[in-house]
Every structure is written in structure tokens, then in C-alpha cells.
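# Results of the structural survey
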Amino acid sequence: MSIVPTRTARDLPRALPAGREAEYRQLSEALHRCETGTGSVIALHGSVGSGRSELLYAFADVAADRGATVLLGTGSPLEHDFPLGLARQLLQSAPLDPQEAAAAEILLAQGTAEAARRHQPADGLQRRLGQLTLEGLFGLVRGLTERAPVVIAVDDRQDADPQSLEFLLYLVRRTRSAGVLTVLSSRETMTPPNPFFEVELARQPHYRQVRLDVLPPGPTAALFRDRFGPAAAAADDAHRLTGGNPLLLHALMDDHQRAGAPAELAVGEGYRRGLMHCLHRIDPLALRYARGVAVLGPAATPALLADLLLLPAEALPRALYLLHAAGLFQDGGFRHPSAAGDLLAAMRPEDQAALHERAARLLRDAGVEPAAVDTHLRVAEGHRRPPWAVPQPSVPQPSASQPSTGHASDGSARPDPDAGRAVHLASAPPKGSAAPAAPEEPRRTGGSAAVVVGTDAKTVAFRCVPSLPGTEVLGEDGTGRRLKEIRHLFWQGRPEQGLAELERFEAEPGRAGAGENLRTWLRYWYPTLQPAAAPGPDDPAGGMRLLTALLQGTTGPEQAVVRAEAVLRDARPGGRDNEALTTALTVLLYADRADRAVRWCGTLAERAATRCGSTWQALFSALRAEAALRQGDLRTADEAARATFARFAPAAWGVAVGLPLSTMIAARTALGLHQDAARYLDLAVPEAMDRTPAGLHHRYARAGHLLAVGRAEDALAEYRACGDTMARWGLDHLPAIAPWRLGAARAHLALGRPQAAAHLADQQLARLGSSGHRRLRGLALWTRAGAAERTERTVLLERAVDELEQAGAEADLAKVLAELSEAHQRDGDPGRARLVDRRLPRTPALSVVPAPEGLSEAERRVAELAVQGLSNRDIARKLYITVSTVEQHLTRVYRKLGVRRRIDLAAVVRAEQQAAEQPLVMATRGSTGVA
């Protein structure tokens, strides 16, 4: 029997969360057993805000210091549908040699393919991964135990993908007698998301659970006094406001310290934000319960809450328990009076209006006095028609035939509930004078804003999107509002005026350094406006700082991708995390990982639709469109770009309009819709846009359009202008922003200058180096093959195929495979040509249903989904229309195509796709050369 040495306070890690000494000792004892060759499985369990993550990472640091190999991973709702996503994190943090790393990649790819072939039934009992895959992954971990004890630390396991959980179960069943300690941290929920996993895990003989409860009143007060002194009068009130929740307690203490530690407890923005963070990370049903209490207030009886929230009565006690267990509720209600208002302010106006309307009906039926009913009705009406709304002029669209996703299925206009929020912009006063008080902004910041700009002649009002990635600025005493007003000047294309106002603001007493976040934003949006900043530390924190570090070259593309995906895993759509999410997606695009960006965009778009306002939905749509374009998914790119402009007209985007506009131009060009692309190019844009990355994207799209319509010389000039701009801004080390050399090489090929094209392609290949940028390297090899002699062409195409396969660029791969097949035919090797043909996708890479004249866009989209095998109900759900509308569309499609059933429809569509595939692919090649 081994004896665990007693650890004194000096043995505890410095980063250990206060009040968690007992829980840490249980982990430390398990680590000691691991060091002696005995495995353990620890379930670290607690409510939201209980300090699970802090304890887990503090313990991981201690384990690493004691010589253990620590494998770290974090579950995320955004990666739940990524097979083996968590397992990939764990193995990426492992010290594998090159041979082991290569084997890990093969096993992970094999497991991903197996997961795609197997469908999980409702009982959760069927395996998703094959025996060889599981055994291979386990073998890699077992190999690590031969060098040192292994600690597997997983945070937020309730959000892990099912395949990784299957691997973890396979692992823990075989590590009871091995030096592996598995610590799985999870948040308490209404019902386990993976009950089979929970049951199987608890059955293991070496399983232990370590629960983190909220802190009792005594330790809570003791922590408060440790920070503010033994005589701190407010210590006893700290537990009343926080319930012992460590996250809330530390936020409250920070507020109290900023206020100068007065006698009475100071509650500030930190506490309120911490409370909202906890409420939005708790179980969804508990959050729903809290919203019901916020709406009903003192009238919130169990019966009324069940009717208001449309929940079964038996679900309410469990939801209430979770709120009390996390310290967020006391006696059935919020601990602080501001909580209800803050929680409702974070909801979409239409959702809040619906709750108040339902509450009014329920209270009226219950016989409550009319005054209370009228109050709910007035609040609902206020959210249906915000008092700060302003009339908006109509903005003509580029194409009259273009469908709009901003209309209901019956053709009527769908009002934007977020439109028309007002922000009044005034020039800052001279130095030393008091700033005029700006009108209070609406609490919710998800929608568009009407900026009112004072001029000598008149006042001009127009709509604009209020926030771009990384632009949100915070501060006290009006700092945040002043910086937002200054930022709008840059947005409107008035950078010199904006910079003057920023310098004047920073010169005011007490404002030194207050504009640093805005200046970081300017380094991206206006690269030449400020002197070049000295390279910062190689550990950028936050989305925009990570993006600027990538642009400055202080963080390499591969390292930036890892950090960006960490941001995407940890952040949640909604609130300030939106800024980090959008900039992290931009990092993936600029680091030439559009394949990863596409996967993240799909998940983010679904969550943004329910958790974010119109502004952020538009931004996510713009990024999704660009990612899809770079992967060759022209249908998704076109639809997402149109959705962007359906929410905000081009004039509302300011200098940022070039981002979604360039995607729309490139997608329309690639689809051969050159007149539509020309209309978008003719749209008026701010003159200052050319000083921003949006202008660079716009110019690159213009070059692609010119090349596609046969104006190769003009296209070449535009591509060279892109190159000059990137060199002047110091961005030429990131060709994925705008790969102008490859575009210029395609222009030279069109002009019959193969030597010039080969020189540019070789130059681009040399700049890419030997690692990373697989998609661009594949495209550069493809371009180089176009300028090569016949004997060299086949070899170059084969190398391009290898790179594009590893990059996951399926659309580009299909194009190169088609040319490789032709090359083998010309070389007199039909056998190899047939082998290449078998690798071509069975369906066209461009998801477009060609249709005869008269088939509308809506009918065409319904036909596409019907051919894919979706039921009428599934089609209705996907397109947000009624089942009856789907049936009517299909009836018209059958009549126009001359078919009588779905199987005949599929045959017609396949035949028309095959006939149209070659022109579409040629249009893609001729448009930009690269997306």
C-alpha cells in the first residue's frame, strides 16, 4: 500500500483558485498514484462559474512541473460536430515524434471518415469508430506512458464530440493499471448530453468524482477580508450578492477595489457582466427560467412560469435548482435588482416582445389588475417598434432580378427589428473644455445605427453597421461612447478627421492610453494612417491583436491558426465574444485555411441566427461567403453574400463595403454572370475604401472580372496594383489575402506569355516555403503547369493534386484532376486517365441546378434540395417556408421540366448539370485564377 505524502500550504500551486485546496489535494493524490503506475479517472464536476477550469489548468501546470506528459483539450459547442476534434487537440499537445505525428494524422483522418459513414441511433449504443482506429489512437497514448506518466486534462467535456468521447471511454477502460490520469471537467446541466458516456464512465472501478460547490458564507467573507483587510465592513454582504460563486465573487471584489473600497459594497460593471456570463453559459432551460422570472417579476408563480415558457411543470424545479446551485438565485429570484433588466436587454427585441405579450395574456386571464397587464403590453409594443427608430430611404439594388432574403415567403417586406438605433455624433470640444453629454444609447448593441452628422449646411442621417470585428471599446465616464463616435469617422471614410479627434481625446486629462484598442483596430483597417508599431510580444491576446500580429509577421500563419481556433473554441456567439469570433475567422482566411474557416462558419452561422442581432449575423454571413468562395462553393458564397446585403444595403457598410461586395463580384464572375458582376462593380463606394483591406479585396475581385471578360491587360494592371499595395502595407508575406502573383500569371497565360507566367508562379512557390499554405501551393503548381512544357506538365499537376488533397480544397482539386486526366490522355496513357477520372467527385463541385427559362430562383433551390433526398418538411425547415409552399414550388418545377416524380427530376437535373459543368468550370478558371 502506497502512502501519499501530506502536502502543506507551501506545496500548493500559486495559481490555485482560492477555497479549492481540498479539491486540489484529491487531484494531487490521483497524480501520485499515476506516478506509481496506477491509473485514475477523475470527473471534475460543478456549476457554471465554480472555478473548474482554473483548478484544472492549475493542476495541469503542477503535473507538468512534476515531469508528467500533459495532454490538454477543451470541448466546445462549435466543435461538437467535428469528428475527433477533441482527440485532435489532445494529440496536438502531445510530444510525438515525426513518425508518431504522421500516424496520428492518418488515424484521425481514418476515424473522421468512419464517423461520416456511420449514423448514430437514438439509443447511443452503436460504435462510431472502428477497432483499428481506436486501438491505434490508444497505442499512441500508451507509447507516451513508456517515457513519463500521462495526464489527460479535458475541460468542458459536456461539449465534446461523440467520437472523442468514444475514444476516451476506450482509453479509460484500459488504463487502470497504467500511468494515465484522466481528468474530465464538466458543467452541471439539466440532463447529461451523453448519458451513455456518463453511465459507462461511472462504471469504471478507478472512477472518482470531485465536485466543486459554491463557497459557504465563511470562506466567502474570508476571501473578501484577505483582499481588503480584516476590518472590511462589506465582507459579510459579499456572499449575499454572489452566493459564493467564485466568478461573481472575484468580479465583485474587482468592482469594489475600483470604487476605492468604500464601506458599503460597490457593485459595478464587472459583477453585472459576470452574472450575464454565468446565465448565458448555464443550461438553456435554466436560462429560459431566469428570463421568465425577469419578465414576470414578483408575479412569477410556478404555474405562470410554466405557461409563459411553454415548459412542463416538472422541468421547473430542476431549472430552479441549477440557478440556486450556481449562486445566481436566492429565494427564487435574482440576488441583485439590476440582473433582470440586464438579462432582458441581452435578448432580441422580437423575442422579448413575444414574452411580454404572452405574460400580458396570462396575467389578464389570472385576474391581475389591468395596470400590470398594460405595462407588459406597452413594453412589448416598445420592442416591436423601438422609440429610437428612424425612417430609412430605400437603396436601389444592383440587379432587379436579384432575390432578397429580407422578405417573407409571401412576398411582403420583413421588418428588421434591429434597424434604426440612433447614435449622435458630435465633434469633440477643444482641449480643456467639457465634452457635451451624448444621448444615452439603447442598451442592446446588436443592430444597425443611424449616425447623425452635423455639417455647416445641414444634418445628414444614414444607416450603418455599428461594429466591425475588434472595434468594441469599453470605458467609464463616457470613454466608450466617445471612442465609438470617433470610430464612426473612420468608418465613414474620414480618417484624417478621425485621427485628429482621437489625438485630441487622448490628450485630455486621464485619457492617456484610453484609445489603444481603437489604434489596434486602425492598424488593420488603415495600415498607413499611423506610424508602424514596434513588434509586440509573441503572445497576442484577443482576436484583433492576433490578427494584427499575423499581419505584422510577429506570429506565423501556422501558429496563428492554432491560436485562432482556440479563440473559436472558447468564445460563444453573442455579446463581446462576437468580435473575437469574427477576427479569428479572418485570421484563418488570411492564413490560407479557408477549409477550417468553412467548418467554423457553418456552426457559427446557426448559433448567430439565434443569439446575435442583425449586425453580427451580417458579419458572419460576409465571412461565410468569403470562406465558401475560396473553397469553390459558389452557391453558398453567392447566397451568403446576398444575405449580407439583404440585412444592410451597401451604403450602410461604410468603408467595409468592399469585403462582402468583392465576394459577390467574384462569385458572380465565377458563375459566368458577368453583367451582374459589372453592376456590383459600378456601385459607388467611399473613396477612403482604397486605403483599407476592403479596398484591396475589391480591387482583386475587379481584376478577376476583367480577366474573365477578356480584358487581360487591364486585369494584369489591377493585379500589379494589388501587389504594390500589399508591398507598401507590409502584407506580401501573406499571399492568401490577395494572391496577386497567381492572378497576374493567369493574365500572362491569357496573353500568350508563358515565360512571364512561369516566373511569377515560381516566385510565388519560393515565397510560400516548405510548410503551410497547401492550397496556395497547389494553385501555384497548377498555374505553373499551364506555362510548362508537355513533359513537365503532368508532374506539376500531380504535385498540385497532392497539395490540394491535403488542403481539403475539393473544388480546386476537381479542376486540377480534370486537367490531369486530359494530360494523361495526351501522353497516351488512357489507363492512368481513367484512374484519375474515378477520383473526380460524382456530383459537380459547383452546387448549381441549371434550369430552363422560366424556373425561378426559389423553384430552383427547392429542386436542388429535393434532388438531394430531403423531404418536403425538411426543405421547408431549411428554407424557412411552409410545407405547402414547397409542394407548390415542386408542382411548378415538375410541370416546367416535364416530369411527374422526384426520381425523374433527379435524372433531368443530373443531365443538365453534366451539360453545364464544363462551361462553369471554365468560367471559374478564367475569372480570377484563384479565389
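Above this text sits the structure in question.
What this report covers is the structure whose coordinates are included nearby. (Residues numbered from 1 in each chain as written. Predicted model: local features only at pLDDT ≥ 70, side-chain atom pairs only at ≥ 80, totals over all residues. Heavy atoms only, no water.)

### Digging into the overall build of the protein chain
Counting secondary structure elements, the protein chain contains 40 helices and 10 strands. Looking at the protein chain as a whole, 54% of its 931 residues are labelled buried. A fraction of 68% describes how many contacts in the protein chain between residues 6 or more apart in sequence connect residues 24 or more apart. When the accessible area of the protein chain is evaluated, it comes to approximately 40800 Å², of which 52% is carbon and sulfur surface. (Helix = DSSP H or I, 4+ residues; strand = E, 2+ residues; numbered from the N terminus. Buried < 20%, exposed > 50% of the residue type's maximum accessible area, 1.4 Å probe, protein only. Contact = heavy atoms within 4.5 Å. Areas by Shrake-Rupley, 256 points an atom, 1.4 Å probe, with all protein chains shown as cover.)

### A few points about the side chain of E506
You can see E506 is positioned in helix α19 (residues 495–506). Residue E506 is classed as buried on the basis of its relative accessible area of 19%. Among the polar contacts made by the side chain of E506, one reaches the side chain of R519 at a distance of 2.8 Å. The contact partners of E506, leaving out residues within four places of it in the chain, are R511, A512, G515, E516 and R519. (Polar contact = N/O pair within 3.5 Å; in protein donor to acceptor, adjacent residues only side chain to side chain.)

### A few points about the nonpolar core
Of all hydrophobic cores here, the largest spans 85 residues; its most connected members are F490 and L585. Of all hydrophobic cores here, the second largest spans 56 residues; its members include L241, A306, L316 and A360. (Core = buried A, V, L, I, M, F, W, Y, C linked by side-chain atoms within 4.5 Å.)

### Structural notes on the pairing of strand β3 (residues 150–155)
It is a general feature of regular strands that their side chains alternate between the two faces of the sheet. Here β3 lies mainly inside the structure; 6 of its 6 residues are buried. By the alternation rule, side chains of β3 split into V150, I152 and V154 and V151, A153 and D155, which are all buried. Here strand β2 (residues 69–74) runs beside β3; their pairing, made up of 6 bridges, is parallel. By the bridge assignment, G73 is partnered in β3 with V154. Sheet analysis places β3 next to strand β4 (residues 180–187), joined by 5 bridges and oriented parallel. Note that in β4 the partner of I152 across the bridge is T182. A crossover connection joins β3 to the parallel β4 through helix α6 (residues 162–172); in handedness this β-α-β unit is right-handed. (Pairing = 2+ DSSP bridges. Right-handed = clockwise from strand over helix to strand, strands pointing away.)

### Comments concerning the sheet that holds β4
Spatially, the 5 strands line up as an open sheet ordered β2-β3-β4-β1-β5, and their pairing is parallel. Each edge of the open sheet is held by one strand with a lone partner, namely β2 and β5 (207–212). Taking each pair of neighbouring strands and ignoring which way they run, the sheet shows an average axis angle of 15°. Strand direction decides the pairing type here: strand β1 (residues 40–46) and β4, joined by 7 bridges, are parallel. Of the residues in β4, the one forming a bridge with L44 is S185. Along the sheet, helix α5 (residues 131–145) makes contact with β2, β3 and β4, crossing β3 at roughly 130°. (Axes fitted to C-alpha atoms, helices over the stretch in contact; angles between N-to-C directions.)

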